[in-house]
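Chains, contacts and geometry: an overview
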Amino acid sequence: MNTIAPIKTFEYDRPVGGVCSTSEAWARVPSPVEALEKEALKDHIRRLLKEKEAVLVAHYYVDADLQDLAEETGGCVSDSLEMARFGRDHPAKTLVVAGVRFMGETAKILSPEKTILMPDLDATCSLDLGCPADEFAAFCDQHPDRTVVVYANTSAAVKARADWMVTSSIGLDIVEYLHKQGKKILWAPDRHLGSYIQKKTGADMLMWQGSCLVHDEFKGIELDLLRAQYPDAKVLVHPESPSNVVEQADAVGSTTQLIDAARTMDATTFIVATDNGILHKMRAAAPGKHFIDAPTAGNSATCKSCAHCPWMAMNGLQNLADVLEKGDKEIHVDPEIGRQAKQAIDRMLDFAAAKKAKALPTGSLEQESKLFNGIGPA
Ligand code: 13P
Ligand code: SF4
């Protein structure tokens with residue numbers, strides 16, 4: 001039996017505490033720069049990265065110039081799982097994370113000895129904002145019999161309370177694995193991703209009721225109408241989207257998995273239900289194919305994002321150059337919280353490595369403990 005916590009509504013225009021609201025985030029999105037100035041800035045950043053021996057790790061939702069710079073300077077642009085792995089394994093002492101705060105924190109937790117910089121430390125995420133650590137801890141305390149699985153899009157303190165951290169690329173596999181071990185799960189914070197995984201695995205999942213304000217905007221009815229206009233188009237959906245959008249998907253997956261689907265699927269037109277920052281890489285990965293944004297309510301309605309994350313958009317060339325020059329916007333994580341959170345992240349990374357090596361344990365508790373550092377309550 002699955003129990004569901006009450007849906008919480010958060011007002012992202014007036015969030016509590018010193019966090020960055022959507023309207024503040026949009027106001028702080030860097031203005032576009034002229035072509036000549038842009039080239040000069042990019043050269044400056046290339047020089048600074050070398051001089052500071054820093055590496056740029058970017059997400060697919062950030063500005064296209066930042067994505068290109070990351071790749072051409074030996075950094076990476078990827079989904080949140082690969083960003084974590086790349087940052088951990090890279091020998092550079094300084095990582096600049098172009099994305100949102102939880103990505104910077106994950107990098108710091110995995111590599112406390114490294115300096116982790118971000119172009120704007122106030123770039124946050126509605127899932128992170130919607131899952132305050134104290135309320136989440138109280139929720140966990142009420143359900144001590146459940147294995148706590150949290151999405152990467154959470155604070156370090158929430159991860160510290162979890163048995164496992166997952167990203168969208170591996171959440172389904174991990175929950176399926178835990179379900180087979182007979183575990184009951186407490187899932188947080190994204191209710192859409194949680195319910196997608198629950199339907200796929202049949203796992204017993206008690207859910208926190210957070211959501212991503214970008215993906216929450218995609219509309220199932222409008223998508224149905226758009227599909228009628230493009231009957232040959234395939235639909236690519238990030239699982240943070242509502243279920244009536246996910247149900248119409250030809251491929252559901254993380255950002256990297258959606259780019260792979262665009263490249264490998266036998267279609268020339270795709271409707272894409274995720275942040276439209278991904279289209280830069282999708283077009284490069286699948287030249288000649290045609291991509292259409294999945295419909296949202298539109299600018300005239302209540303749309304706070306219209307398929308683009310306001311916090312991801314806060315990353316720009318100028319604030320990237322500034323942070324490389326000054327080194328001031330540094331991520332700090334309380335060492336004890338970081339140590340606890342690392343266990344949940346390491347389990348996921350170990351699981352991902354075992355899956356890649358086709359060496360997942362077949363059920364021996366001893367083998368599991370060795371591989372995944374123990375896996376929470378039975
Ligand atoms: P991915 O792990 O798929 O890159 O997703 C991160 C994210 O924030 C999606 O909104
Ligand atoms: Fe968070 Fe959604 Fe932005 Fe991703 S797109 S960082 S889930 S608010």
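Quick look at the structure, then. Computed from a predicted structure; not experimentally measured.

**As for the pattern of salt bridges**
For the structure on display, the rule yields 19 salt bridges. Between Arg 46 and Asp 43 there is a salt bridge whose closest N-O contact spans 2.6 Å. Within this pair, Arg 46 and its partner Asp 43 are both found in helix 2 (residues 35–51), separated by three residues, close to a single helical turn. You can call Asp 43 partly exposed: its relative accessible area is 38%. We note a salt bridge from Arg 263 to Asp 260, for which the minimum N-O separation is 3.3 Å. Within this pair, Arg 263 and its partner Asp 260 are both found in helix 13 (residues 255–264), separated by three residues, close to a single helical turn. Using a relative accessible area of 45% as the deciding quantity, one classes Arg 263 as partly exposed.

**Overview of the sheet that holds strand 6 (residues 164–166)**
With parallel pairing, four strands are arranged side by side in an open sheet as 6-5-7-8. Of all strands in the sheet, those bounded by a partner on one side alone are strand 6 and strand 8 (205–207). Averaged over neighbouring strand pairs, the angle between their axes works out to 25° when direction is ignored. Inspection of the sheet shows strand 5 (residues 147–151) paired to strand 7 (residues 185–188) by four bridges, in the parallel sense. When the bridges of strand 7 are listed, Thr 147 appears paired with Ile 185. Along the sheet, helix 7 (residues 133–141) makes contact with strand 5, strand 7 and strand 8, crossing strand 7 at roughly 165°. On the sheet, helix 10 (residues 191–201) packs against strand 5, strand 7 and strand 8 and is oriented at approximately 165° with respect to strand 8.

**Quick look at the packing of aromatic side chains**
Throughout the structure, instances matching the rule amount to five aromatic pairs. Each ring, one from Trp 164 and one from Phe 351, has its centre 6.0 Å from the other, and the planes form 80°; the classification is edge-to-face. Of the two residues, Trp 164 is situated in strand 6 and Phe 351 in helix 16 (residues 335–356); the sequence distance between them amounts to 187 residues. For the pair Trp 164 and Phe 351, one class covers both residues: buried. Seen in terms of ring centroids, Phe 270 and Phe 291 are 5.6 Å apart; in terms of plane orientation they differ by 20°. Their pairing is stacked. Residue Phe 270 is located in strand 11 (residues 269–273), and its partner Phe 291 is located in strand 12 (residues 290–293); the two are separated by 21 residues in the primary sequence. Counting every residue linked through ring pairs, the aromatic cluster contains Phe 136, Phe 139 and Trp 208.

About the criteria used
Residues numbered from 1 in each chain as written. Chains lettered and ligands numbered in written order. Predicted model: local features only at pLDDT ≥ 70, side-chain atom pairs only at ≥ 80, totals over all residues. Heavy atoms only, no water. Salt bridge = Lys/Arg side-chain N within 4 Å of Asp/Glu carboxyl O. Helix = DSSP H or I, 4+ residues; strand = E, 2+ residues; numbered from the N terminus. Buried < 20%, exposed > 50% of the residue type's maximum accessible area, 1.4 Å probe, protein only. Pairing = 2+ DSSP bridges. Axes fitted to C-alpha atoms, helices over the stretch in contact; angles between N-to-C directions. Contact = heavy atoms within 4.5 Å. Phe/Tyr/Trp six-rings, centres within 6.5 Å; stacked < 30°, edge-to-face > 60°.

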